[in-house]
Amino acid sequence: MSDDGIVMLAWSDYVGVTRCRAVPSSQLASRMESGLGWAIAGQALTPFADIAPNPWGPMTEVRQIPDPSTHTRVDIWPNSPALDFVLCDSRNADGSDWDCCTRTFLRKALDDLRAETGLELLSAFEHEFVVVGDLPAAPPFSLEALRNAAPLAHDIAVALEAAGLNPETIEPEYGLRQYEVTVSPALGIAGGDQAIMTREVIRECARQLGLRASFSPKPYHDGVGNGAHVHFSFVDEYGANATYDPTHPSGASAVARSFIAGVVRHMPAMCGLVAPSPVSYMRLGPHHWSCGYAAFGIQNREASIRICPSTSKDPATAARGFNLELRPPDPTASPYMVLGALVRAGLEGIRAGLELPPACDVDPSDLTDEQRAEMGILPLPSSLPEALDLMLADDVVMSWMSPVMAESYVAVKRMEQELTEGETDEQTAERYRNAY
Ligand code: GLU
Ligand code: MG
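My aim in this report is to walk through the structure given alongside it, one point at a time.

Reading the values: rules and limits
Residues numbered from 1 in each chain as written. Chains lettered and ligands numbered in written order. Predicted model: local features only at pLDDT ≥ 70, side-chain atom pairs only at ≥ 80, totals over all residues. Heavy atoms only, no water. Helix = DSSP H or I, 4+ residues; strand = E, 2+ residues; numbered from the N terminus. Buried < 20%, exposed > 50% of the residue type's maximum accessible area, 1.4 Å probe, protein only. Lys, Arg positive; Asp, Glu negative; His and termini not counted. Salt bridge = Lys/Arg side-chain N within 4 Å of Asp/Glu carboxyl O. Polar contact = N/O pair within 3.5 Å; in protein donor to acceptor, adjacent residues only side chain to side chain. Pairing = 2+ DSSP bridges. Axes fitted to C-alpha atoms, helices over the stretch in contact; angles between N-to-C directions. Parallel < 35°, antiparallel > 145°, perpendicular 65-115°, else oblique. Contact = heavy atoms within 4.5 Å. Nonpolar A, V, L, I, M, F, W, Y, C, P; charged D, E, K, R; others polar. Donors = N, O, S within 2.8 Å, 3.2 Å for Na, K, Ca; no water. Near = heavy atom within 4 Å. Areas by Shrake-Rupley, 256 points an atom, 1.4 Å probe, with all protein chains shown as cover. Phe/Tyr/Trp six-rings, centres within 6.5 Å; stacked < 30°, edge-to-face > 60°. Core = buried A, V, L, I, M, F, W, Y, C linked by side-chain atoms within 4.5 Å. Expected span 1.5 Å × (residues − 1). Bend = angle between axes of the 7 residues up to and from the residue.

Mapped onto the elements of the fold, arginine 433 is located in helix H14 (residues 425-435). For the buried residue arginine 433, which engages in no salt bridge, the nearest side chain bearing the opposite charge is glutamate 430, 4.4 Å off. Separated by 3.0 Å, the side chain of arginine 433 and the backbone oxygen of proline 219 make a polar contact.

Structure (structure tokens):
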């Protein structure tokens, strides 16, 4: 149904919710420069109706300034208006960067990576979700599970292509009514943009069929978790994969090896940014392939960061396909915060010239305490309060945020924790299932 309807100016906040205000499509052009105002206090929203204590009063606003490169329009539903949105940077009234904007958080990290190494980040998320609604049950990974959701899978492929994204896989996952979608990786800030676009397109496809796609890290307390693993590599000025060095036994280049070491070092403290909800800790943990330790591994799905070598015999294809994967993140984190934290942690490793940690080739939870200590493998936090305490104790991680961002972000997260105190796991899972 083609129409001139509305276009939503959208942004991703601290809690990874895509918020928006809309204008008639005919007025988008006139909004490109000045955007729309937004009361900053909104940044203190939890994913629920509650607003955390914050330093912002009723007066202060930022401008939500659309980035035309993110304009996403999907018009494939005959009886429904197009899904039409454009992602925004939040800027101060004078046009300067707002130091609490999640997209700016990522952009600045990417700027530093480029300035210090000459490299660009190429990244893609794996989007796991559970369909809530009337779908028959079927065995994990089965053709039947995918055919039970055939109209949804079809629409996701068509809608992602219409949105200018390049879907790579649409598959049944392990969990009941759980599916996973990937799109081709994108350079720089577009890696974060595409993750948001992909999730919103999937949500819309489900909505149009009377279903709901829930990206909560643990949609059901006794079910399988949804991760938001990030695959990434670096591209040098010649377009080559700077993560790869076939002469090193690990296959990773010197810069990638130090980057991995930086991520491993800060991983427990980073969880407050990439696995940032009470429900995140119902997902994270050993034996679920979501990982419970800040370990590095080659292929190892129980490692927080792993090397994914290409299986191609063709050297050029093998070089292109070689990538790294960060596994703890989940969809309650803004993709901008996930990628920003990843780049910041890796950059710390590069600056310090850290050596690649020993590769763990078993489930790290099967090692003894002594063996883990020998390999320098630390556990990931097991609750949001623990994650926040570790983050607050890590001066390096705290330095990635402006003081006001750090304070307001932690206040929101503390409030989320308070809201779930006294709830059963089932209630908390339901609360987050309905919000994400
Ligand atoms: N669902 C798992 C998680 O929560 C990941 C499964 C997989 O390896 O794809 O991270
Ligand atoms: Mg998966």
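The buried fraction of strand E12 (residues 230-235) is high, at 6 of 6 residues. Across 6 bridges, strand E7 (residues 120-132) lies against E12 in antiparallel orientation. Along E12, the bridge assignment pairs serine 123 with phenylalanine 232. Relative to strand E15 (residues 323-326), E12 runs antiparallel, the two sharing 3 bridges. By the bridge assignment, phenylalanine 232 is partnered in E15 with leucine 324.

Viewed as axis vectors pointing N to C, helix H13 (residues 403-420) and H14 meet at an angle of 130°, and their least axial separation amounts to 10 Å. Judged on the interaxial angle alone, H14 and H13 are oblique. Counting all contacts with H13, which are made through Glu416, Leu419 and Thr420, the residues of H14 involved are Thr428, Arg431 and Tyr432. For the contact of H13 with H14, the residue count by class is 2 nonpolar, 2 polar and 2 charged.

Taken together, the protein ligands of the magnesium ion (ligand 2) are Glu128 (OE), Glu173 (OE) and Glu180 (OE), with distances of 2.0 to 2.1 Å. Look at where the donors of the magnesium ion (ligand 2) fall in the sequence and you get E-x44-E-x6-E. Highlighted residues: glutamate 128 in strand E7 and glutamate 173 in the loop between strand E8 (167-172) and strand E9 (178-183), separated in sequence by 45 residues. One exposure class covers both glutamate 128 and glutamate 173, and it is buried.

Lining the immediate surroundings of ligand 1 are Glu128, Glu173, Glu180, Gly225, Asn226, Gly227, His229, Arg283, His288, Trp289, Ser290 and Arg327. Alone, ligand 1 offers 300 Å² of accessible surface; in the complex the protein occludes 89% of this. Considered class by class, the residues forming the shell around ligand 1 number 1 nonpolar, 6 polar and 5 charged.

The full count for this structure, using the stated rule, is 12 aromatic pairs. Between phenylalanine 129 and phenylalanine 215 the ring centres are 5.4 Å apart and the planes differ by 40°, which places this aromatic pair in the tilted class. Here phenylalanine 215 lies in the loop between strand E11 (212-214) and E12 and phenylalanine 129 lies in strand E7, a separation of 86 residues in the sequence. Its relative accessible area of 1% is what places phenylalanine 129 among the buried residues. What makes phenylalanine 215 buried here is its relative accessible area of 1%.

A few words now on the nonpolar core. Within the largest apolar cluster, 113 residues are counted, with the highest numbers of intra-cluster contacts made by Phe129, Phe232, Met267, Leu273 and Met391. A total of 11 residues in this core trace back to one element, the largest contributor, which is helix H6 (residues 254-274). Val7, Leu9, Val23 and Val86 belong to the second largest nonpolar core, which has 7 residues in total.

With respect to the helices, strands and loops of the structure, methionine 401 is situated in the loop between helix H12 (395-399) and H13. Apart from the residues within four sequence positions on either side, methionine 401 is in contact with Phe105, Leu273, Met391 and Ala406.

The backbone phi angle of cysteine 291 is positive, close to 80°, even though this residue is not glycine. Tracing the backbone shows cysteine 291 in the loop between helix H7 (280-283) and strand E13 (296-298). Among the residues examined, cysteine 291 registers a relative accessible area of 0% and is labelled buried. Backbone geometry at glutamine 299 places phi at a positive 70°, although glycine is not the residue there. Its location among the elements puts glutamine 299 in the loop between E13 and strand E14 (305-308). Using a relative accessible area of 40% as the deciding quantity, one classes glutamine 299 as partly exposed.

A rise of 1.5 Å per residue sets the reference length of H6, with its 21 residues, at 30 Å; its end C-alpha atoms lie only 25 Å apart and thus fall more than 12% short of the reference. Of all the bends found along H6, the most pronounced is centred on methionine 267 and spans about 75°, while proline 268, a proline, follows it within four residues. Counting buried residues along H6, 18 of its 21 residues qualify, which places the element largely inside the surrounding structure.

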